[in-house]
Amino acid sequence: VALGYSRDVSKFKSIFEVELYYKWMSNLIEFREGTSLILNDNFEKDLLTGTGESYGMEFLLQKKDGKLTGWVSYTLSWATRHFDELNNGEVFYAKYDRRHMLNIVTQYELSRRWDLSVIWVYYSGSRFTAQIGQYVMPNAGFTSFDVVPIYTTRNAVQMSPTRRLDINFTLKPNPDKKHKFKSEWQFGIYNFFNRTSPYRVDIVPTNLGGYEYVQNGLFGSIWSVAWIFKF
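All values reported here derive from a predicted model rather than from experimental measurement.

Criteria and cut-off values
Residues numbered from 1 in each chain as written. Predicted model: local features only at pLDDT ≥ 70, side-chain atom pairs only at ≥ 80, totals over all residues. Heavy atoms only, no water. Helix = DSSP H or I, 4+ residues; strand = E, 2+ residues; numbered from the N terminus. Rg over C-alpha atoms; globule rule 2.2 N^0.38 Å. Buried < 20%, exposed > 50% of the residue type's maximum accessible area, 1.4 Å probe, protein only. Contact = heavy atoms within 4.5 Å. Areas by Shrake-Rupley, 256 points an atom, 1.4 Å probe, with all protein chains shown as cover. Lys, Arg positive; Asp, Glu negative; His and termini not counted. Charge placed at Lys NZ, Arg CZ, Asp CG, Glu CD. Core = buried A, V, L, I, M, F, W, Y, C linked by side-chain atoms within 4.5 Å. Pairing = 2+ DSSP bridges.

So, about the overall build of the chain. A count of helices and strands for the chain gives zero helices and 16 strands. Over its C-alpha trace the chain gives a radius of gyration of 25 Å, far above what one expects of a compact globule, namely 17 Å for 231 residues. Taken along its principal axes, the extent of the C-alpha atoms in the chain is 90 × 45 × 40 Å. For the chain, the residues scored as buried account for 23% of the 231 residues in total. For the chain, the proportion of contacts with a sequence separation of at least 24, taken over those separated by at least 6, is 56%. Just so you have it, the chain exposes about 16,400 Å², and 58% of that area is on carbon and sulfur atoms. Mean positive and mean negative side-chain charge positions of the chain (27 and 23 charges, respectively) differ by 15 Å.

Counting five residues, the largest nonpolar core consists of L28, L48, F83, L86 and F92. In this structure L28 touches L48, T49, G50, T51, G52, R81 and F83, once residues within four positions along its chain are discounted.

Take unusual backbone geometry next. At F142, a position not held by glycine, the phi torsion is positive, near 55°. Structurally, the position occupied by F142 is in the loop between β9 (131-138) and β10 (145-151). You can call F142 exposed: its relative accessible area is 67%. Here N191, not a glycine, exhibits a phi torsion of approximately 60°, which is positive. On the secondary structure map, N191 appears in the loop between β13 (182-190) and β14 (197-205). Judged by relative accessible area, which is 1%, N191 ranks as buried.

To continue, consider the pairing of β14. By the bridge criterion, eight bridges tie β14 to strand β15 (residues 211-218) in an arrangement that is antiparallel. Note that in β15 the partner of D202 across the bridge is V214.

Considering the arrangement of structural elements, one finds P198 in strand β14. The spacing of P198 and S124 is 74 residues in sequence and 11 Å in space, taken between C-alpha atoms. Setting aside its immediate chain neighbours within four residues, P198 contacts M159, S160, P161, T162, Q215, N216 and G217.

Next comes the structure, spelled out in structure tokens:
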């Protein structure tokens, strides 16, 4: 179910849109707690089915004309799941539940041949089930002790957010000259500030004898040059 509103702001050559949505989902699939997929050729028995909901609102402000064009979009959203055999039957956040998503895309015509585009994105971190402690108990035969981990409720912890700035320059052909085919050069910097996007966490020991989570990032700063042509 979605309800939207759109308004043409002619004074600023812009369009403003807002939309509310609510989605019901059924027959969703998750693995049973403790499932191992390594050398497991009968994993279907560990599949569980459940339901889910997602809801939120989206905003968009877009400017299409003039030397400065682009858009700003923002999404505030929630995504939940419910499985009778997971999280003690209580509703939990989906792994990809991201509370905030912000995109700013701008393009500016520096001259007749040069364009500058800048993209800035911000996403809330994805969720995971964290280990917050452990305790020791004797095994069934009382021959040794087992270390049993203690976890939060399912997907209760969020990873760090993703922040990224991309910059791109475009060199277009001279408009005063005739060309057999159209081409342009692009010089780009992906992730200008080299802030990697967290995609997983590892538990590592500390100097104080405890443990801590370390987030591993993906895709640092990438510089590129491209030649694009049409014929």
